[in-house]
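# Examination of the molecular architecture
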Amino acid sequence: MALNNITWCPFIFILLLLLLLYVIPSYANGASDTESLLKFKESLQNNNALSSWNASSIPPCSGDAANWYGILCYKGHTWGLRLENMGLKGVIDVDSLKELPYLRTISFINNDFDSTWPELHKLVGLKTIYLSNNKFSGEVPAQAFEGMQWLKKIHLSNNHFTGAIPTSLASLPRLIDLRLDGNKFSGTIPNFQQMLKSFTVANNQLEGEIPASLSKMLASSFSGNEKLCGAPLGACSSNKKKSTVSVVVVAVLVSVALIVIIGALILLVLRRRRKQAPTVTRENSPSSLEKKVGAMESSDEGSHRSTRSSRSQGSNNSMKLSFVRDDRDQFDLQELLRASAEILGSGCYSSSYKAGLLNGPTMVVKRFKQMNNVGREEFQEHMRRLGRLNHPNLLPLVAYYYRKEEKLLVTDYVQNGSLAVRLHGYHAVGQPSLDWPTRLKIVKGIAKGVEYLYKELPSIIAPHGHLKSSNVLLNESLEPILTDYGLVPVINQDLAPEIMVSYKSPEYLQHGRITKKTDVWSLGILILEILTGKLPTNFLQQGKGSELSMANWVDSVVPEEWTSEVFDKDMEVTKNNEGEMVKLLKIALASCELDIDKRWDLKEAVENILEVKERDHNDQEDFYSS
């Protein structure tokens, strides 16, 4: 028995030795990370969000699981810091972070750091640096990134950095993503030779010619720099200073133009005075709407005089509006044309006017000129079909007027205006921005309206056909109301690609056709616009549909950065709603998928949209998984 114990002793000794060799370094590393992180925490102000960081608690990492908030772990080591949206201030203590040998990524996005550039070059192992949306200021040293050969992504957007763009950025061998927009960088752009996948220096004070290596980037990547030139912007002028002769020529041309304008104004005043006659009463004089809309006082068959006489007697059927709803008080075209008018919008497709009836409601008159290939009976039947639609998220058609050359559609007036104005021009009209709950409500209402159109207009290939933010109105409670729907069958097909949103879809650009999933693509792009607060036309690429490029832009941003780089900051992203925002963004991307076979159908898109909540109900770790 004693012999057996002696035999086992060496094995027990070796086992204990191996255990100590494994445990002691692991414990030592945990203690080292703890000490370094606590030292880093002490350098921060307003660090209440880091209450889980304390010496008495368990170590920062247990394997790949993080025990401290904002820590990313890998095999028991601190691999990254994701301290976003915490209101942190102070100075980033780089020396403390240098004691974390496995640190590869740092993100301090959306905080209140207001120091100068931290000496991040000491953290030679970093792969990503995210400092966007803070208040960092001053110049970034030219050699700020020297020796950081592993760096792949750098985001410094929306700070107060000044001076030249650091030249050391151009020497980073693995750099693929660089965002310097929204600062005050000046001078020229360094000659980047890397294969950059994402790049922007928009809204700085840069000048000179854009390097040829960046000529294929989006034009929006350089917007807001008035002195930049070269592809993809306009060509650089060879003459930087205007000659004296050029100045004289311009002065002469301006003078001539002023003389012509003054002369034209005088002639216009005289002509108006000659047209005024004392025998014309207010009742018989044309209103501003009648002049703007251009609805003739003559029918297609009658003369001007006979029509005016018959109209005053109410006997000319050709001047009557055709009402498609029985729940409205009727009025004739003469009353409408005599109403006080205000132009709401005008384009190549249509013109809209607000008309306040003297003894009635305020209506909107839309004038269309691109419908003259449709016969009277076909047009009337389609208008009656639209008039039968009834849904809280659709603007009802009230009446129409048919002439071969033009058509008038009459609808109710919606006080709050369009979604486009509330998203992109709310500052100008003195309105508050739209928060996340309101935007979610708008998206759900739009989805319900489109779903209803698909149900009631099954024979139309794209039941809406023109879905965009300017065709979504908002009522008093900010519920969305769709307009300009159901017009694909009556629009001139030769002009449709220039006019209708559905004809800008990937399937039309590639194959010359629209499908039952085309409106789904428009819905996806519209949701992206609502979530990002950006206009789809800001992502125009030559030879491609503009809205398609917006989806490509969102796809180019890694999911971990959607919160800081993609979502509109006016939505006020928080820990309580971030997951649901991400969910809706994924729905939008699935709805505007380039490959039509992979794109969701409407039923799938609507069902998923209606399941999105205002607040999160899932774990934060699942936000970006898909």
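Just so you know, these numbers come straight off a predicted model, no measurement behind them.

### Here we look at the packing of helix 15 (residues 578–591) against helix 16 (residues 602–611)
- At a minimum axis separation of 10 Å, helix 15 and helix 16 run at an interaxial angle of 170°. Between helix 15 and helix 16, the interaxial angle falls into the category roughly antiparallel. The residues of helix 16 that touch helix 15, namely those facing Glu 580, Leu 584, Ile 587 and Ser 591, are Ala 605, Asn 608, Ile 609 and Glu 611.
- Of the residues contributing to the contact of helix 15 with helix 16, the split by class is 4 nonpolar, 2 polar and 2 charged.

### Remarks on the sheet that holds strand 20 (residues 362–368)
- Taken in spatial order, the 6 strands make up an open sheet running 17-21-22-20-19-18, and their pairing is antiparallel. Two strands in the sheet have a free side with no partner beyond their single neighbour: strand 17 (322–323) and strand 18 (340–346).
- Taken together, the 6 bridges between strand 18 and strand 19 (residues 350–356) define a ladder with antiparallel strand orientation. Bridging from a neighbouring strand, Ile 343 pairs with Tyr 353 of strand 19.
- The sheet contacts of helix 7 (residues 376–387) involve strand 21 (397–402) and strand 22 (407–412), and relative to strand 21 the element is tilted by about 170°.

### Structural notes on helix 16
- Turning to helix 16, its buried residues are Leu 602, Ala 605, Val 606 and Ile 609. The buried residues of helix 16 occupy an angular sector of 95° when projected down its axis, which confines them to one face. Facing away from the buried side of helix 16, by more than 90 degrees, are the exposed residues Lys 603 and Glu 611.
- Against helix 9 (436–456), helix 12 (518–532) and helix 15 lie the buried residues of helix 16.

### Quick look at the confidence of the model for the protein chain
- Residues with a pLDDT of 70 or more make up 78% of the protein chain, whose mean pLDDT is 81.
- Low pLDDT, under 50, characterises residues 11–31; the stretch is placed with 4 contacts to residues that sit more than four places away or in other chains.

### Observations concerning the pairing of strand 4 (residues 71–74)
- Judged by which residues are buried, strand 4 turns out to be one-sided: Ile 71 and Cys 73 face inward and are buried, whereas Leu 72 and Tyr 74, on the alternate face, are not.
- As paired elements, strand 4 and strand 5 (residues 77–82) share 4 bridges and run antiparallel to each other. If you follow Leu 72 over to strand 5, its bridge partner there is Gly 80.

### Details of the side chain of Arg 599
- Within the fold, Arg 599 resides in the loop between helix 15 and helix 16.
- Judged by relative accessible area, which is 2%, Arg 599 ranks as buried.
- Among the polar contacts made by the side chain of Arg 599, one reaches the side chain of Glu 507 at a distance of 2.8 Å.
- Beyond its immediate chain neighbours, meaning those up to four positions away, Arg 599 contacts Pro 506, Glu 507, Lys 517, Thr 518, Trp 521, Ala 590, Ser 591, Cys 592, Glu 593 and Leu 594.

### Looking at a negative patch on the surface
- Taken together, the side chains of Glu 451, Asp 601, Glu 604, Glu 607 and Glu 611 make up a negatively charged region of the molecular surface.
- Ranked by residues supplied to the negative patch, first place goes to helix 16 with 3 residues.
- Following the sequence through the fold, Glu 607 ends up in helix 16.

Thresholds applied
- Residues numbered from 1 in each chain as written.
- Predicted model: local features only at pLDDT ≥ 70, side-chain atom pairs only at ≥ 80, totals over all residues.
- Heavy atoms only, no water.
- Axes fitted to C-alpha atoms, helices over the stretch in contact; angles between N-to-C directions.
- Helix = DSSP H or I, 4+ residues; strand = E, 2+ residues; numbered from the N terminus.
- Parallel < 35°, antiparallel > 145°, perpendicular 65-115°, else oblique.
- Contact = heavy atoms within 4.5 Å.
- Nonpolar A, V, L, I, M, F, W, Y, C, P; charged D, E, K, R; others polar.
- Pairing = 2+ DSSP bridges.
- Buried < 20%, exposed > 50% of the residue type's maximum accessible area, 1.4 Å probe, protein only.
- Arc of directions from axis to C-beta.
- pLDDT = per-residue confidence, 0-100.
- Polar contact = N/O pair within 3.5 Å; in protein donor to acceptor, adjacent residues only side chain to side chain.
- Patch = residues over 30% accessible without salt bridge, like charges linked within 9 Å, V, L, I, M, F, W, Y side chains within 5 Å.
- Areas by Shrake-Rupley, 256 points an atom, 1.4 Å probe, with all protein chains shown as cover.
- Salt bridge = Lys/Arg side-chain N within 4 Å of Asp/Glu carboxyl O.
- Lys, Arg positive; Asp, Glu negative; His and termini not counted.
- Charge placed at Lys NZ, Arg CZ, Asp CG, Glu CD.

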